[in-house]
Structures are given as C-alpha cells and as structure tokens.
Amino acid sequence: MTSVSDIRSSFVEYFAREGHEVVASGPLVPRNDPTLMFTNSGMVPFKNVFTGLEKRPYSTATSAQKCVRAGGKHNDLDNVGFTARHHTFFEMLGNFSFGDYFKERAIELAWGLITRDFGLPRDRLMVTVYEDDDEAHALWKKIAGFSDDRIVRLGAKSNFWQMADTGPCGPNSEIFYDHGESVPGGPPGSPDEDGDRFVEIWNLVFMQFEQLADGSRTRLPRPSIDTGMGLERVATVLQGVHSNYDIDLFKALIASAAQVTGTEPGGSGVTSRQVMADHLRAMSFLIAEGVLPSNEGRGYVLRRIMRRAMRHATLLGANEPVIHKMVPVLVREMGQAYPELSRGEAMITETVRLEEQRFLKTLGRGLQILAEESEGLNEGATLSGETAFKLYDTYGFPLDLTQDALRTRGIGVDQAGFDAAMARQKAEARKNWAGSGEARTDEVWFAVADQEGPTEFLGYETETAEGEV
Ligand code: ATP
Ligand code: MG
Ligand code: MG
Ligand code: MG
C-alpha cells in the first residue's frame, strides 16, 4: 500500500524532476497577511510572487502545504463528519509557475502524474473547465484524449478563481475521480454532485488576467499556474478506499479515538470518532504554531474546534479529558513530515488537556440544558436564540457547537435571536457600568469587552488559574 507519506514525497519528487524548486510548507498563520485568518491553499505563501511584489531565484516551485479551512471564506467545519472528503486541517500538494509555463504544460504535467506515476485509469477520471475556456477544453481533448462528455463546462462559481477583488485571476479546471456506483453522488454540474462518488482531487488555476478596480480585466503579460491537490483525497483513491477516513493516517487516529473512549473503531459513533480525528489535527497544528484557545479571532476558531471535538468525545462516553491522549499518535504519524509537532508535543498535549479540563466543568450541565430545551422540538424546528445564548454565555458553548449538536435531528438555531441576546447583554453591561467618572477608562474598557466577548463562565477561571497557560 502507498502510504500518505509516500504519496506526499512522490508528488514533490515528480515536480522536482520536472525542474521545480521544492519549497517547505509555510505556516498556517500567514505572515504579514491580515486579510487571511489561516492559510487555506498552497498558493498563500507565494501570493507576492504571483503579483510580482516579491522576486525569488526560481520560476517554478512545488510544495506540500498545511491548510486549515475552518473560518473565513473557505469554511469546511460543518462538512466534517458529514462528507467523506472534507477536513478542517488538510495538506495541499501543489505546483506553481510564476510566469514560466502555462496551460498546456500544466495539463501535461498533471495528466502525466496521475495516469503514469499514480496509474489512475482514464475511464475513472473527468474534468471541468470554465464555460468560456475553449483553450482548456481543446487541451484536455488533445492531452488526455477525453470525449466531450468527460469535459464539463461550468460557470464562474466553481471554475473562475480570483485572488481578491482586484489582482491576478483566471479560469480553473478541476480533475474528478469516480469512486464508482457503490458510492452515492453524481458528476460535477449534476443535481447530486455534492455526494462522495465523483470527488474533486486536483484544481488547476490558470492565472491569465488581472482584475482592475474599474471592473475591467486585462491579460497578464506573463500568465502563471497555481494548482492544488488534496493529499488525503488522492491517498483515498490510491489506497483503493472511498473515504478519507479509511486511509492509513486516519485509521491510526480513529483507532486512537476509539481507544481513549473505550469504543470500537467500527462500532457505533463513527462520526464522533471521525470528528475527533479530524479536529485533533487542526488543533494540534494550530497550537504548534503558538495559537492558543481564546475568545476572539484565531484563538476562538481554535477553541470552537477543540470544544466540538470534546462534545463528540462526551457522546462516546468520555467524562474526563481524553483528547490530549491522542496527541502522541498524531506525532508518530506526522511528526517526521512536520517537526513542529514533535517539538511542540508537550505544549500541545498540555494545552489540549487544560482546555478539556476547563470545558468539561460546564459541558455536561450545558448538554443537559440543551436536551431539556430541545426535547419538544421536531425536525424543522428551531431552538430559541435565548437558549443558545445562555449556553454560550454561561456554559461556554460556541454557537456552532449547539448547531452541530442539533443538526442530526434536523433542528436549527435562531441565529438572529442569538445575536439580539448578545447585543442586549452588551448594552446592559454598558448601562450598569458605574465607571470611574473618567470617560477614557470607560471607552478603553468597552473596547476591550467588545473585542473579547462576554466572560464565558462563572467561576472556573479562579479554579484553574494556576494551571493557565
Ligand atoms: P470542494 O469543491 O470539494 O469543496 P474546493 O473546490 O473547495 O473543493 P480547492 O479550493 O479547489 O477545493 O482546493 C484544491 C484541492 O484541495 C481540492 O481539489 C481538494 O482536493 C483539496 N481540498 C479542498 N478542500 C478540502 C478539505 N476541506 N479537506 C480536504 N481536502 C480539501
Ligand atoms: Mg470547498
Ligand atoms: Mg470544488
Ligand atoms: Mg476546487
């Protein structure tokens, strides 16, 4: 069997042989990029090279990049546990051309790798192109020998890429693998495309235009290439399984989730073990970069991921901290490729353990309240915003945790009501603020309070103060 590690190196080595510079993964927390919460694709560390702001001593590159899609524009948090192909943390393999080769060479290279080196049969593959991109259509015909029905033309929503409102942009072409009739789902562009049968494994972006502020587009003098292939998805294909969670790496993490909860890997609670395995990676990689759970910004995204995982551990019967016990397994599986995990093992373990300890104090009682308040609700109903806010404010339940908990029963949450309750509480706090009489102090205080959000719990901070990190 080809392991995830083997596939990662085969990809990078293939492009190295084809003259690409091998570049190590950049960080998850992008440097000097306030527009982005987390690195969400392989091109992020090369942004300034594409726009020409930064020069590098090479014109083509390849990398395996750490990515997180759990907030902001690309948010796959809600997909985890519900599809076989989305993670919060995943690795994106890519090759890049900075004004060097373009469309034809990019398609040739991609086709060569997946059919020759990876040995994928043509009749399991199909592609999409942007509806106006006749060039890409003709190239796929020529290079792959696809018949017209294997090249689907789609609109801008899925097949036109833009770096931002202005700047480099262009059509893209996505390569799909057909997992076969036993898996539900239809081909791209069909009404049931959202299943796991036809899975997008690789996206080739043809950066050929520049979007200007006045709405017009000009041709880039030296067009560029940016591609992204999901490592876990291609491993699923190469290992002959149909779910990312059945690849070697995830099998080990799921076995660990089973072990720490005293459940069986194949027994009931499959989704919860998958969520634990997925979220363990995201939390560990973020903590390894120094992100800590908190009530705002990146830290709050991390906290949401951690608490979601904890609720799922509780569903499997855990009533004490268990997720931190999975960290060594992750380090064993991925520490060689990502030494920051090995270096950070003790800090990651301790941070996870403390957050577990903290949240377990209120999680059980919160779940009880949630059960009581949602008892009479049927499918299609919504939980009141007041209740969701009480769970948030007093029991530390991020809104999406409450939503996740009710989703399998088809119950929603009144988000407008939740927002209103939050606004009311802030206004109330302002009104009750006696203040020192010095306007400046008040202003500073409320600026901080707005940013940090309400204090989450009543009382635990003092209890665990000595253990705070
Ligand atoms: P999808 O349509 O399946 O959500 P995408 O079009 O959003 O994928 P891209 O932005 O094109 O994905 O990213 C490039 C590649 O990265 C995809 O072709 C896929 O293989 C992989 N990928 C994207 N999102 C995820 C994810 N959440 N988990 C695992 N792999 C992913
Ligand atoms: Mg997506
Ligand atoms: Mg897509
Ligand atoms: Mg895509």
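Predicted model only: the values in this text are computed from it and were never measured.

Observations concerning the site of ligand 1
Here is step 1: The immediate surroundings of ligand 1 are formed by 15 residues, with Asp 76, His 86, His 87, Glu 200 and Asn 203 found nearest.
Here is step 2: For ligand 1, an oxygen atom lies 2.9 Å from a polar atom in the side chain of Arg 69.
Here is step 3: Contact between ligand 1 and Glu 200: an oxygen atom at 2.8 Å from a side-chain N or O atom of the residue.
Here is step 4: When ligand 1 sits alone it has 590 Å² of accessible area, and the protein chains cover 84% of it.
Here is step 5: Looking at the shell around ligand 1, the elements that each hand over two or more residues are strand S3 (89–97), strand S8 (198–211) and strand S9 (217–230).
Here is step 6: The greatest single-element share of the shell around ligand 1, amounting to four residues, is contributed by S8.

Some remarks on the packing of helix H9 (residues 297–315) against helix H12 (residues 345–374)
Here is step 1: In contact at an axis separation of 10 Å, H9 and H12 are set at 60° when each is read in the N-to-C sense. Here H12 runs oblique to H9, going by the angle between their axes. The two elements H9 and H12 meet at a crossing, and its hand is right-handed. Residue-level contacts link Arg 303, Met 306, Arg 307, Met 310, Arg 311 and Thr 314 of H9 to Thr 351, Val 352, Glu 355, Glu 356, Arg 358, Phe 359, Leu 360, Leu 363 and Leu 367 of H12.
Here is step 2: The class makeup of the residues in the contact of H9 with H12 is seven nonpolar, two polar and six charged.

A word on the pattern of salt bridges
Here is step 1: Summed over all chains, the structure comprises 30 salt bridges.
Here is step 2: Here Glu 340 makes a salt bridge to Lys 66, at a shortest N to O gap of 2.6 Å. Of this pair, Glu 340 sits in helix H11 (residues 339–343) while Lys 66 sits in strand S2 (residues 60–68), and the two are 274 residues apart along the sequence. The two residues Glu 340 and Lys 66 agree in class, both being buried.
Here is step 3: Among the ionic pairs, Arg 85 bridges to Asp 196, the shortest N-O distance being 2.6 Å. Of the two residues, Arg 85 sits in the loop between S2 and S3 while Asp 196 sits in the loop between strand S7 (167–178) and S8, which places them 111 residues apart along the sequence.
Here is step 4: Here the residues in one salt-bridge network are Asp 78, Arg 304, Arg 308, Arg 311, Asp 400 and Asp 404, joined through shared partners.

Regarding empty space enclosed by the protein
Here is step 1: Throughout the structure, instances matching the rule amount to three cavities of 30 Å³ or more.
Here is step 2: The computed volume of the largest cavity comes to approximately 50 Å³.
Here is step 3: Lining of the largest cavity is provided by Met 310, Ala 313, Thr 314, Ala 318, Asn 319, Glu 320, Pro 321, Val 322, Glu 356 and Leu 360.
Here is step 4: Broken down by secondary-structure element, the contributors of at least two residues to the lining of the largest cavity are H9 and H12.
Here is step 5: Among the elements that make up the lining of the largest cavity, the one with the highest residue count is H9 (three residues).
Here is step 6: Residue composition of the lining of the largest cavity, grouped by class: six nonpolar, two polar and two charged.

Notes on the packing of aromatic side chains
Here is step 1: On inspection of all chains with the given rule, the structure shows 22 aromatic pairs.
Here is step 2: On the numbers, 4.9 Å between centres and 45° between planes, the contact of Phe 11 with Phe 15 is tilted. One end of the pair is Phe 11 and the other is Phe 15, both in helix H1 (residues 4–17) and four residues apart, which spans about a single turn.
Here is step 3: A residue is classified by how much of its surface remains accessible, and Phe 11, at 0% relative accessible area, is buried.
Here is step 4: A residue is classified by how much of its surface remains accessible, and Phe 15, at 0% relative accessible area, is buried.
Here is step 5: Cluster of aromatic residues (ring-pair linked, three or more members): Phe 46, Phe 50, Tyr 58, Phe 96 and Phe 98.
Here is step 6: The lysine or arginine in question, Arg 407, covers the ring of Phe 82, its NZ or CZ lying 3.6 Å from the ring centre.

Scoring rules and cut-offs
Residues numbered from 1 in each chain as written. Chains lettered and ligands numbered in written order. Predicted model: local features only at pLDDT ≥ 70, side-chain atom pairs only at ≥ 80, totals over all residues. Heavy atoms only, no water. Near = heavy atom within 4 Å. Polar contact = N/O pair within 3.5 Å; in protein donor to acceptor, adjacent residues only side chain to side chain. Areas by Shrake-Rupley, 256 points an atom, 1.4 Å probe, with all protein chains shown as cover. Helix = DSSP H or I, 4+ residues; strand = E, 2+ residues; numbered from the N terminus. Axes fitted to C-alpha atoms, helices over the stretch in contact; angles between N-to-C directions. Parallel < 35°, antiparallel > 145°, perpendicular 65-115°, else oblique. Left-handed = near helix turned anticlockwise from the far one by under 90°. Contact = heavy atoms within 4.5 Å. Nonpolar A, V, L, I, M, F, W, Y, C, P; charged D, E, K, R; others polar. Salt bridge = Lys/Arg side-chain N within 4 Å of Asp/Glu carboxyl O. Buried < 20%, exposed > 50% of the residue type's maximum accessible area, 1.4 Å probe, protein only. 1 Å grid on protein atoms, 1.4 Å probe; cavity = no way out; pocket = protein on both sides within 12 Å on 5 of 7 lines; lining within 4 Å. Points joined across faces, edges and corners; volume = space filled by probe spheres on them. Phe/Tyr/Trp six-rings, centres within 6.5 Å; stacked < 30°, edge-to-face > 60°. Lys NZ or Arg CZ within 6 Å of the ring centre and 35° of its normal.

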